[in-house]
Amino acid sequence: MPIAGIYGPDDFGPVHGQPAAQTRSRVSPTERARALPMPSLEWTPEVERSTAHLYERVKNVVSPVEWPFMAPYIKAINELKKTRDAVILAHNYQTPEIFHCVADIGGDSLQLAVEATKVKSSVIVQCGVHFMAETSKILNPHKTVLIPDSRAGCSLASSITGADVRLLRERFPGVPVVAYVNTSADVKAEVDICCTSSNALQVVESLNAPTVIFLPDQYLAKYVASKTDVKIIAWKGACEVHERFTGDELRAYREADPSVQIIAHPECPPDVLAEADFTGSTAHMINWVRDKRPRRLVMITECSMADNVRAELPDVEMVRPCNLCPHMKRITLPKILESLIYLREEVTVDPLIAEKARRSVERMINLKN
Ligand code: SF4
């Protein structure tokens, strides 16, 4: 059914506030005191030999010219992980040299949230955006959680605050609230349950309520509303990466090659989804490609996701209308190396907020299990 209304910060006056952008600091005295020596970053025959098996994983998407610049960082990062007792979690939108060569666990938001609960290492380095690192901290309050660049934000996460959720609750008393995991800890603490794009429909229907507030992605809300009889009240947030695709663009790809397969993420606008052969979350899209092995494929999502799939399935030809997420691209090999050398930038969440947010995330994880 059509969604029952879309609300945004303008509907609630001046209370709404965007989190202030954090800027990276220079190495602090504390970081300097615990720093490890900077390893050699030269391209040597030994580096070439010891990283050859990793190059095999990415040779379809990383050129031989690029590799000598990446390999010394990859070798150093993989060695420092052992020294620091660290594990690297990487989202599918991270570039292939990160996703395939230094990550211990890769996946979408749900997979990373679940895996974060099983991690044994004392340090977690989150290669993704800030809300993902916060989720790892929420689920691992006694571990050190690092993000290589804390400015890696998200247009969805910054579209809403905990105060906005409280105002929505005042306007719609008794209506349960579902938050996409792409939200700050502050927002997660105010809602009943979290969801990802993989389980959004299941989460909404699990509440057994006639009406549900679903935030902050208006397009995911519309997609869920099209699949359920539950009345959905949405928020005006959007992913700046998926919102840029258009139905016209997809029609042009299909006219150029009628045999091409098009798959899209539900964060895209409805006219885009209407043109797609398949709509699914990050994990569902990957499984679809593994299963169908299309000859030519248009993946309507973030660019590195297509690269990571192509590294694994070189026989699938990718047509490239992808859009880059500038926030995900803040995470680079040099910053991951610095993160391990200086144990920076540490992610903290107020313990009271973390406790409430943990309930929302765990309720989602337990639903999955
Ligand atoms: S791709 Fe979109 S939803 Fe994902 S981090 Fe970037 S802005 Fe946020």
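Thresholds, definitions, all that
Residues numbered from 1 in each chain as written. Predicted model: local features only at pLDDT ≥ 70, side-chain atom pairs only at ≥ 80, totals over all residues. Heavy atoms only, no water. Helix = DSSP H or I, 4+ residues; strand = E, 2+ residues; numbered from the N terminus. Buried < 20%, exposed > 50% of the residue type's maximum accessible area, 1.4 Å probe, protein only. Contact = heavy atoms within 4.5 Å. Lys, Arg positive; Asp, Glu negative; His and termini not counted. Charge placed at Lys NZ, Arg CZ, Asp CG, Glu CD. Axes fitted to C-alpha atoms, helices over the stretch in contact; angles between N-to-C directions. Left-handed = near helix turned anticlockwise from the far one by under 90°. Nonpolar A, V, L, I, M, F, W, Y, C, P; charged D, E, K, R; others polar. Near = heavy atom within 4 Å. 1 Å grid on protein atoms, 1.4 Å probe; cavity = no way out; pocket = protein on both sides within 12 Å on 5 of 7 lines; lining within 4 Å. Sits in = over half its atoms within 2 Å of the grid points. Phe/Tyr/Trp six-rings, centres within 6.5 Å; stacked < 30°, edge-to-face > 60°. Pairing = 2+ DSSP bridges. Points joined across faces, edges and corners; volume = space filled by probe spheres on them. Salt bridge = Lys/Arg side-chain N within 4 Å of Asp/Glu carboxyl O.

1. Details of the overall build of the protein chain
Line of reasoning, step 1. Across its full length, the protein chain carries 16 helices and 13 strands.
Line of reasoning, step 2. In the protein chain, which comprises 369 residues, the share counted as buried stands at 59%.
Line of reasoning, step 3. Counting only contacts in the protein chain whose residues sit at least 6 apart along the sequence, the fraction spanning at least 24 positions is 65%.
Line of reasoning, step 4. In the protein chain, the 43 positive side-chain charges and the 46 negative ones have mean positions that sit 4 Å from each other.

2. Re the packing of helix 13 (residues 282–292) against helix 14 (residues 303–312)
If you want to describe how two helices pack, look at the angle between their axes and the distance between the axes.
Line of reasoning, step 1. Helix 14 packs onto helix 13 with a crossing angle of 30° between their chain directions and a minimal axis gap of 11 Å. The hand of the helix 13/helix 14 crossing is right-handed. Across from Thr-282, Met-285, Ile-286, Val-289 and Arg-290 in helix 13, the residues of helix 14 making contact are Met-305, Val-309 and Glu-312.
Line of reasoning, step 2. Looking at the contact of helix 13 with helix 14 residue by residue, the class counts come to 5 nonpolar, 1 polar and 2 charged.

3. Digging into the site of the ligand
Line of reasoning, step 1. In the vicinity of the ligand, the residues found are Tyr-93, Val-129, Cys-154, Ser-155, Leu-156, Asn-182, Cys-239, Val-241, Glu-267, Cys-325 and His-327.
Line of reasoning, step 2. A majority-of-atoms criterion places the ligand in the largest cavity.

4. With respect to the packing of aromatic side chains
Line of reasoning, step 1. Per the stated rule, a full pass over the model turns up 2 aromatic pairs.
Line of reasoning, step 2. Here Tyr-55 and Trp-67 contribute two aromatic rings whose centre-to-centre distance is 4.9 Å and whose plane-to-plane angle is 45°, an arrangement assigned as tilted. Separated by 12 residues along the polypeptide, Tyr-55 in helix 2 (residues 45–58) and Trp-67 in helix 3 (residues 67–84) bring together distant segments of the chain.
Line of reasoning, step 3. Taking the relative accessible area as the measure of exposure, Tyr-55 reaches 17% and is therefore buried.

5. Quick word on the sheet that holds strand 2 (residues 86–91)
Line of reasoning, step 1. Read across the sheet, 4 strands follow the order 3-2-4-5 without closing on themselves; strand pairing throughout is parallel. The open sheet has two edge strands with one neighbour each: strand 3 (105–107) and strand 5 (144–146). Within this sheet the neighbouring strands show an average axis-to-axis angle of 20°, counted without direction.
Line of reasoning, step 2. The pairing of strand 2 with strand 3 spans 3 bridges and is classified as parallel. In the strand pairing of strand 3, Leu-89 is matched with Ile-105.

6. Remarks on empty space enclosed by the protein
Line of reasoning, step 1. Per the counting criterion, the structure on display carries 2 cavities of 30 Å³ or more.
Line of reasoning, step 2. Considering only enclosed or pocket space, the largest cavity measures out at about 260 Å³ in volume.
Line of reasoning, step 3. Along the wall of the largest cavity there are 27 residues; nearest its centre are His-91, Tyr-93, Asn-182, Glu-267 and Met-328.
Line of reasoning, step 4. Taken together, the elements giving at least two residues each to the lining of the largest cavity come down to helix 5 (109–116) and helix 6 (130–139).
Line of reasoning, step 5. Here the lining of the largest cavity is composed, by residue class, of 11 nonpolar, 12 polar and 4 charged.
Line of reasoning, step 6. If you add up the space inside the second largest cavity, you get close to 70 Å³.
Line of reasoning, step 7. Around the second largest cavity, the lining residues are Ser-109, Leu-112, Ala-113, Ala-116, Gln-126, Phe-131, Met-132, Thr-135, Ser-136 and Val-181.
Line of reasoning, step 8. For the lining of the second largest cavity, the secondary-structure elements that each account for two or more residues are helix 5 and helix 6.
Line of reasoning, step 9. Residues that form the lining of the second largest cavity fall into these classes: 6 nonpolar, 4 polar and no charged.

7. Some thoughts on the sheet that holds strand 12 (residues 296–300)
Line of reasoning, step 1. Taking strand neighbours across the sheet as the criterion, the 4 strands line up as 11-10-12-13 in an open arrangement whose pairing is parallel. Here the strands that pair on one side only, and so sit at the sheet edges, are strand 11 (278–279) and strand 13 (317–319).

8. Thoughts on unusual backbone geometry
Line of reasoning, step 1. A cis amide bond links Leu-215 to the next residue, Pro-216, at an omega of -5°.
Line of reasoning, step 2. Looking at the secondary structure, you find Pro-216 in the loop between strand 8 (211–215) and helix 10 (218–225).
Line of reasoning, step 3. Cis geometry is found at the peptide bond from Arg-344 to Glu-345, where omega equals -15°.
Line of reasoning, step 4. Mapped onto the fold, Glu-345 is located in the loop between helix 15 (333–342) and helix 16 (351–368).
Line of reasoning, step 5. The phi torsion at Arg-293 lies on the positive side, around 45°, for a residue other than glycine.
Line of reasoning, step 6. What makes Arg-293 partly exposed here is its relative accessible area of 43%.

9. Topic: the pattern of salt bridges
Line of reasoning, step 1. One pass over the structure, following the stated rule, counts 21 salt bridges.
Line of reasoning, step 2. For Glu-115, the salt bridge is made with Lys-118, and the minimal N-O distance between the two is 3.6 Å.
Line of reasoning, step 3. A salt bridge links Arg-296 to Asp-257, with the shortest nitrogen-to-oxygen separation between them at 2.7 Å. In this pair, Arg-296 sits in strand 12 while Asp-257 sits in the loop between helix 11 (247–256) and strand 10 (261–264), placing the two residues 39 residues apart along the sequence. For the pair Arg-296 and Asp-257, a shared accessibility class is recorded, and that class is buried.

10. Let's talk about helix 14
Line of reasoning, step 1. In terms of residue burial, helix 14 counts as a mostly covered element, since 8 of its 10 residues are buried.
Line of reasoning, step 2. Among all positions in helix 14, only Cys-303, Ser-304, Met-305, Ala-306, Asp-307, Asn-308, Val-309 and Ala-311 are buried.
Line of reasoning, step 3. For helix 14, the elements touching its buried residues are helix 2, helix 4 (96–99), helix 13, strand 12 and strand 13.

11. Some words on the pairing of strand 2
Line of reasoning, step 1. Burial within strand 2 is extensive, with 6 of its 6 residues counted as buried.
Line of reasoning, step 2. Bridge count for strand 2 against strand 4 (residues 123–127) is 5 bridges, and the pairing is parallel. Note on strand 4: the bridge partner recorded for Val-87 is Ile-124.

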